[in-house]
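These are the residues of each chain, in order.
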Amino acid sequence: MLLLGSLLAGCAVIDPSARLQQADALARAAGWERRTLPAGDFALTSWSPAAQRAATLTVYVEGDGLAWLGASTVSPDPTPVRPVALQLALRHPGGAVAYLARPCQFQAGALPPACRSAVWTDARYSVRVIDSMNAALDQLKQRAGARHLVLVGYPAAAPWPRCWPRVAPTWPCC
């Protein structure tokens, strides 16, 4: 009986809809709202305060999330169990701020057809993925009226700024 309870508790943590609900509750408690940003082949999830305008926008980009269930077992959904970048964004000390999930994270319902496991494993730095992130960042930047972006990555998103200017040099990387 104890083993069954442990297994069921583990499934609750892995359930993507529960992870989305937990992130929504965390963001709502801080007065933030969720947006779905159409971005290339994907619709990316973002949270931010309702209204903010500033010359500089700080965007916290989520890491790989739950990409793997084990050393060689790919997760069926990359939504993080513990969205560290969201938690960091909610503690941002001041100024315009937003959180951006990676493609296929925090999707309501079933994953769309574009969300194949390669998107959060082998192809996570592909041009297709980076283009979608760029499109979402452009939307966040426009919404805030920002001229500059500060990107904060945790942990796997950290190398992305080196990749982005090469792929989409239309905005400066701060």
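Residues numbered from 1 in each chain as written. Predicted model: local features only at pLDDT ≥ 70, side-chain atom pairs only at ≥ 80, totals over all residues. Heavy atoms only, no water.

Draft legend 1. Inspection of the overall build of the protein chain at higher detail. For the protein chain, the helix and strand inventory stands at five helices and seven strands. N-terminal to C-terminal, the α/β element order of the protein chain is α-α-β-β-β-β-β-α-β-α-β-α. For the protein chain, the residues scored as buried account for 43% of the 174 residues in total. Of all intrachain contacts in the protein chain linking residues separated by at least 6 positions in sequence, the fraction that spans at least 24 positions is 72%. (Helix = DSSP H or I, 4+ residues; strand = E, 2+ residues; numbered from the N terminus. Buried < 20%, exposed > 50% of the residue type's maximum accessible area, 1.4 Å probe, protein only. Contact = heavy atoms within 4.5 Å.)

Draft legend 2. Inspection of helix α4 (residues 127–144) at higher detail. Here α4 spans 25 Å end to end across 18 residues, near enough to the 26 Å set by a 1.5 Å rise per residue. Looking at α4, one finds that the buried residues are Val-129, Ile-130, Ser-132, Met-133, Asn-134, Ala-136, Leu-137, Leu-140, Lys-141 and Ala-144. Once α4 ends, the next one or two residues include Gly-145, with phi positive near 65 degrees. (Expected span 1.5 Å × (residues − 1).)

Draft legend 3. Representation of the pairing of strand β3 (residues 56–61). Within β3, five of the six residues are buried, which leaves it mostly tucked inside the rest of the structure. Taken together, the six bridges between β3 and strand β7 (residues 148–153) define a ladder with parallel strand orientation. By the bridge assignment for β7, Leu-57 is matched with Leu-149. Strand direction decides the pairing type here: β3 and strand β6 (residues 96–100), joined by five bridges, are parallel. When the bridges of β6 are listed, Leu-57 appears paired with Ala-96. (Pairing = 2+ DSSP bridges.)

Draft legend 4. Representation of the state of the cysteines in the model. The full count for this structure, using the stated rule, is one disulfide. Covalent S-S linkage joins Cys-104 and Cys-115, the inter-sulfur distance amounting to 2.1 Å. In this structure the cystine formed by Cys-104 and Cys-115 twists about its S-S bond by roughly -95 degrees; its chirality is therefore left-handed. A residue pair is termed long-range when its members are at least 10 positions apart, and Cys-104 in the loop between β6 and α4 and Cys-115 in the loop between β6 and α4 qualify at 11 residues. Here Cys-104 matches Cys-115 in class, with each residue buried. (Disulfide = S-S within 2.5 Å.)

Draft legend 5. Representation of the pattern of salt bridges within the structure. Counted under the stated rule, the structure contains five salt bridges. With its nearest N and O atoms 2.6 Å apart, the salt bridge here joins Asp-41 to Arg-128. Taken together, the residues Asp-41 in the loop between β1 (32–39) and β2 (42–49) and Arg-128 in helix α4 connect sequence positions 87 residues apart. Where Asp-64 meets Arg-102, a salt bridge forms, and the shortest distance between an N and an O atom there is 3.1 Å. (Salt bridge = Lys/Arg side-chain N within 4 Å of Asp/Glu carboxyl O.)

Draft legend 6. Here's a closer look at the pairing of β6. Taken across its five residues, β6 has five buried, putting it largely inside the fold. Neither face of β6 is open: one carries Ala-96, Ala-98 and Leu-100, the other Val-97 and Tyr-99, and all of them are buried. The sheet contact formed by β2 and β6 spans two bridges and is antiparallel. Bridge assignment links Ser-46 to a residue of β6, and that residue is Leu-100.

Draft legend 7. Representation of helix α2 (residues 16–29). If you check α2, its first and last C-alpha atoms are 20 Å apart, about what 14 residues at 1.5 Å a residue would give, namely 20 Å. Here α2 has its buried residues at Ala-18, Arg-19, Leu-20, Ala-23, Asp-24 and Ala-27. At the C-terminal side of α2, Gly-31 shows a positive phi close to 80 degrees.

Draft legend 8. Structural view of the confidence of the model for the protein chain. Across the protein chain, the average pLDDT comes to 85, with 80% of residues at or above 70. Every residue in residues 1–13 is under pLDDT 50, and counting partners more than four places away or in other chains gives three contacts. The low-confidence segment residues 164–174, where pLDDT is below 50, has 29 contacts with residues more than four positions distant or belonging to other chains. (pLDDT = per-residue confidence, 0-100.)

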